[in-house]
Every structure is written in structure tokens, then in C-alpha cells.
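So the chains spell out like this:
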Amino acid sequence: MSEPKWIELGKGLDIIGDIHGCMDEWLLLLEKLGYKQSADGFYRHPEGRKILSLGDIMSRGPRSLDSLLFFEAHIKAGLAYMIDSNHGWKIARWLDGRKVTLAHGDERVEEEFLDYERQHGSLATNRLKERIKNMLLDAPSHYVIQDNGASVAVAVHAGIRDDYIGKQSPKIADYCRYGPVVGVQRNGKPKRGDWTIHHHSPELIIWGHDPRPVALEVQRTINIDQGAVFGGDLTALRLPSKEIVQVESQDYAQAAINPLEEWFEKRRKAPAFKKWLNGFTVQTETGREIQVEPTGVLEALDHFSNRALPLEQIVYLPTDDKHVSVLVFKDQSAAHRWTGLSDLLLVVDSQGCAVVSKGKEGESLKKHLFELIEQSQDLTRLESDWLLYEGVMAGDNIQLKNLLASEHGVELSIKNGASIQQELAFEGIKRLIRLETVERIHECVLAAYLLK
Ligand SMILES: [Mn+2]
């Protein structure tokens, strides 16, 4: 049974999301983090930093065994830590000779052990299996990370309750591996709930397990599983700096349903308009609460449904008639991923309407804007899926004024004494970067429109 443990932040920790056998990417990430391979084969950091894996280091991907061997050796040498996880637990019980069905990529671990046996014989294989089993069974349900005696963070695979932190029981171990159960699905499988909304204690909870495209910090919880094995990124969160370091990976899993694509689809779900009709409040990151009265909401929703651009394509409303917002996507698939539509360039006025109309004139304005953007950015080599500019209307043309944001961050920060319009624009952009739902972004757009 796993038992929780306390570890000191010491000279720094690099916490790693689900590796799932993506060993090539893991080695690249180690290099990017500054680890160097010593003559004895171990990877060490010149500053004495240590590695902490959130589990699920194997299954689904191509090199599970190498990943298991890496952690087995580095944990023993005191250079790394690893916590328990759902795949880890399954493999541990399989190695322990229990009757388990290997599925969801666990069968690939068995294949690798069979390969190993063909090469090294059954005696060596049994010894290896014993070592790996022990490592997996020794993994605690979670680690509490302390800095000079104060708990600053918790590392856990799938989730934790505040009252479980630092405690142990089979029930707690189960919760940490799989997350909470809130019901039963139609197929008989347990329905998992969102535990992050119940986290109120001060520690930062770092978790993985549930792949999502970006590492978002929400209410002092941060998910660092960016679906490496599904073609996303392999992520490291560095403590104490909270810096995120990533390497791109490939879709090794080739799953019928790709969880990263599923995430984008879910975020584009049509908003529940009803919730705004009686007025609403927008809470911004700066702590401001912006109240919107019910008057005019119905007309505004009618405007956005019938005359403005599709909601997915509006990030924020420019504050006056002279300005426009210009959103450009790297390519068709990026545009489709974020908006569900194929338009590469969107020019939006202060009413949320498209400035670039169809027809010949519209085409030449689009061409002009693409030329302006390409003068400063090579879109084919862009790391981000999109770029957002502020533009100024100049007769029939548009001049690009500022680069406001990209998928990776906001270029302009909000100044003290910003207007409500500016604050709402900034909040909408921040929500887009955090990959929040269209509904959460449109809330800002709607408020900005109503409070003009
Ligand atoms: Mn998992």
C-alpha cells in the first residue's frame, strides 16, 4: 500500500507529467532542463536539482521499459522520485502475478517484456520484473513538498482532497490514482468528477493523468499532463520558480478518441445564453468584479446571434470605432482547432462584426494584412497557433498597431486605472490563452458590448 511522504524542495525540483513511454522526448526534456549524463550513466543536474514524476511513465507509448528502467535506477540513486498512478498500479499488480486485463496501452508494456525475455532469457526477465514491481509498489499516493518545514506543494497523479493531504489509506490511494467517482456512466464505468473546485488550502497541487492542451493554473491547482503520448507536449514544472519547460511529442497512442482534440471540441460548446438574461458578473484576474445589469442583454444576444461573427471567432471587442482586432491563424488546421471554422484571418470591429467583407475589396484588404503580418512573422514557423493584433482603421485600409497576444502569452499588460473596456478585453484574451471555454470568453465580450 502506498504511503504519503514529505520531501524537501532542497535545491529545486523538476516535476514531470505523464511520460507514457515517450522516452526520446523525456531525454530531450532532461537536456532542456539542464541535466547531464555522467560517466556512470546517471543524469544529474549541475545545481543538484531532482526529478519528481507524477506517474504513468509507461503504457501507450513506444519505450515503456526504458522509461521504467530510468526511474528504477534514478530513484534508487536518490536522484528522482515517483508517485503512484493508475497505469503504474495496474502494471504492478500484473507483475505481481494478479489476474488483470492489460488494455489501454498496458498491453504494449507486456509486449516489451516479452521482447526483453526473447533477448535476455527468463531468469534475467524475472529479476527485472521483480525490481520494477517493487519500484511501482513503493510509490506513494502523493508527495507533500516542503520548503523549510512549510508545505508549499502537493504532487499527485489524478487528484486529491484537501483533507487527504499527508494522510494514507487504501481509499486515499485509490482517489489519488483515479480521481473522485461521482456516478456511473451508461457503459458501467465510473464517472469522474472535478476535484479542483474543492481545493481551498494554500498548497499548489500539481497533477497529471487527465491530458489537456495547456498547463493551466486554476485555483492553486496545475495540470501538467499535456498529452505527450497523444501528440501534445511533455511538460516539466520547475519549483520553486514555477517555470514550465516543454518538448513537443508525437501521437504514438493513435487512440480512437484523442483527448486533446476532445478538449478543443468541448471548449467550443455553444454557451448557455439563459444564464446571462438576468444580469451577470465578470470576475477578472486582477480581482475586479464587473457587474452587468439585465437591461439590454436580450437585444445584445440577438445581435451576437444574428449580426456579429460566430462567437468562437470573437476574442475581444476593440474599445472604439477607430480600432479593430486582427486574429490570424498559422494554418487551416490551427484555425479549425480553435474556432471550428476555417477562416485564417479575422478582422473584428467594436460591434463584433467582420470588417473584411467578402468580394474583391475584402480579398485585397486580407492580402494587405497578410503581407503586413508576414513582414514581421514567418507564419509557417510560428510556434503558436495564432497571433492577435490591434489595428487602426486608416481610410479603406488597416494599420497594425500592436501585437496583443499569442497562444503563449499576452504582450501588453493591463495598466493601473484601465477602463472597464480594456479590463474586459484583457480578461477575454487571458481566458483564450488559458484555453477556457467559448462561453467564458463571450461573457467578457458581451459585458464589453453592454457597458459601452
Ligand atoms: Mn493516469
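Residues numbered from 1 in each chain as written. Predicted model: local features only at pLDDT ≥ 70, side-chain atom pairs only at ≥ 80, totals over all residues.

### Describing the packing of helix α10 (residues 420–433) against helix α11 (residues 438–450)
Item 1. As a packed pair, α10 and α11 sit with axes 8 Å apart at the nearest point and diverge in direction by 165 degrees. When the axes of α10 and α11 are compared, the pair comes out roughly antiparallel. Of the two possible hands of crossing, α10 and α11 adopt the one that is left-handed. Together, Gln 421, Leu 424, Ala 425, Glu 427, Gly 428, Arg 431 and Leu 432 of α10 and Arg 440, Ile 441, Cys 444, Val 445, Ala 447 and Ala 448 of α11 make up the contact between the two elements.
Item 2. The residue inventory of the contact of α10 with α11, partitioned by class, reads eight nonpolar, two polar and three charged. (Axes fitted to C-alpha atoms, helices over the stretch in contact; angles between N-to-C directions. Helix = DSSP H or I, 4+ residues; strand = E, 2+ residues; numbered from the N terminus. Parallel < 35°, antiparallel > 145°, perpendicular 65-115°, else oblique. Left-handed = near helix turned anticlockwise from the far one by under 90°. Contact = placed C-beta atoms within 7 Å. Nonpolar A, V, L, I, M, F, W, Y, C, P; charged D, E, K, R; others polar.)

### Considerations on the sheet that holds strand β1 (residues 5–8)
Item 1. What the six strands build is an open sheet, ordered β1-β7-β8-β11-β13-β12; its pairing is mixed. Two strands in the sheet have a free side with no partner beyond their single neighbour: β1 and β12 (217–218).
Item 2. As paired strands, β12 and strand β13 (residues 221–223) are joined by two bridges and run antiparallel to one another. Residue pairing for β13: Val 218 is matched across the bridge by Thr 221. (Pairing = 2+ DSSP bridges.)

### Some thoughts on the domain arrangement of the chain
Item 1. Domains assigned within the chain are domain 1 (5–257) and domain 2 (273–450).
Item 2. Put simply, the middle of domain 1 and the middle of domain 2, counted by C-alpha atoms, are 38 Å apart. (Domains from an automatic or database assignment.)

### Examining the environment of Cys 353
Item 1. By the secondary structure assignment, Cys 353 is in the loop between β20 (345–348) and α9 (360–376).
Item 2. Given 15 C-beta atoms within a 10 Å radius, Cys 353 is considered partly exposed. (Buried ≥ 20, exposed ≤ 12 C-beta atoms within 10 Å, placed from the backbone.)

### Observations concerning the sheet that holds strand β23 (residues 409–410)
Item 1. Read from one edge of the open sheet, five strands run β20-β19-β21-β22-β23, paired in antiparallel fashion. Both outer strands of the open sheet, β20 and β23, are each paired with one neighbouring strand and no more.
Item 2. Bridge count between strand β19 (residues 323–329) and β20: four bridges; the pairing is antiparallel. Bridge pairing in β20 links Val 326 to Val 347.

### Some words on the nonpolar core
Item 1. Core analysis: the largest hydrophobic core is formed by 61 residues, its most contacted members being Ile 15, Cys 22, Leu 52, Val 154, Ala 155, Val 156 and Ile 206.
Item 2. No other element matches helix α3 (residues 86–95), which puts five residues into this core.
Item 3. Setting aside residues up to four positions removed in sequence, Val 156 forms contacts with Ile 83, His 142, Cys 176, Ile 205 and Trp 207.
Item 4. Within the second largest apolar cluster, 44 residues are counted, among which are Val 292, Val 328, Ala 335 and Leu 387. (Core = buried A, V, L, I, M, F, W, Y, C linked by C-beta atoms within 7 Å.)

### Points about the environment of Ser 53
Item 1. You can see Ser 53 is positioned in strand β5 (residues 50–53).
Item 2. Taking the number of C-beta atoms within 10 Å as the measure of exposure, Ser 53 has 28 and is therefore buried.
Item 3. Sequence separation of Ser 53 and Ile 15 is 38 residues, and the distance between their C-alpha atoms is 5.8 Å.
Item 4. The residues contacting Ser 53, other than those within four sequence positions of it, are Ile 16, Ile 19, Phe 71, Ala 80 and Met 82.

### Some points on unusual backbone geometry
Item 1. In this structure, the amide linkage connecting Leu 239 to the following residue, Pro 240, adopts the cis form with an omega of 5 degrees.
Item 2. Here Pro 240 lies in the loop between β15 (233–239) and β16 (243–248).
Item 3. Even without a glycine there, the phi angle at Arg 60 is positive, about 70 degrees.
Item 4. In this structure, Arg 60 sits in the loop between β5 and α2 (64–76).

### Let's talk about the packing of α3 against helix α4 (residues 106–138)
Between two packed helices, what matters for the description is the angle formed by their axes and the separation of those axes.
Item 1. Two elements in contact, α3 and α4, have axes separated by 8 Å at closest approach and are oriented at 110 degrees. Looking at the two axes, α3 sits roughly perpendicular to α4. Handedness of the crossing formed by α3 with α4: left-handed. Together, His 87, Gly 88, Lys 90, Ile 91, Ala 92 and Leu 95 of α3 and Asp 106, Val 109, Lys 129, Ile 132, Lys 133, Leu 136 and Leu 137 of α4 make up the contact between the two elements.
Item 2. Tallied by class, residues from the contact of α3 with α4 come to seven nonpolar, two polar and four charged.

### Thoughts on the environment of Ala 394
Item 1. Along the chain, Ala 394 turns up in strand β21 (residues 386–394).
Item 2. Each C-alpha atom of the pair Ala 394 and Leu 9 lies 55 Å from the other, and the pair is 385 residues apart in sequence.

### Observations regarding α10
Item 1. For α10, built from 14 residues, the straight-helix expectation of 20 Å at 1.5 Å per residue is met to within 8% by its first-to-last C-alpha distance of 20 Å.
Item 2. Across the 14 residues of α10, ten count as buried, placing the element largely inside the fold.
Item 3. Where α10 is concerned, the buried positions are Glu 423, Leu 424, Ala 425, Phe 426, Glu 427, Gly 428, Ile 429, Arg 431, Leu 432 and Ile 433.
Item 4. Here the buried face of α10 lies against β17 (280–283), β18 (289–292), β21, β22 (397–406), β23 and α11. (Expected span 1.5 Å × (residues − 1).)

### Some details on helix α8 (residues 332–339)
Item 1. Listing the buried residues of α8 in full gives Ala 335, Arg 337, Trp 338 and Thr 339. One side of α8 holds all its buried residues, which, seen down the axis, span an arc of 165 degrees. Looking at α8, the residues exposed on the side facing more than 90 degrees away from the buried face are Gln 332 and Ser 333.
Item 2. Contact partners of the buried residues in α8: α6 (259–267), β19 and β21.
Item 3. Within two residues after α8, Gly 340 carries a phi angle of roughly 80 degrees, on the positive side. (Arc of directions from axis to C-beta.)

### Regarding the pairing of β17
Item 1. Summarising the sheet, β17 and β18 pair through four bridges and their orientation is antiparallel. Bridging from a neighbouring strand, Phe 280 pairs with Val 292 of β18.
Item 2. With antiparallel pairing between neighbouring strands as the criterion, β17 and β18 make up a hairpin whose turn holds five residues, including Gly 287 at a positive phi of roughly 100 degrees.

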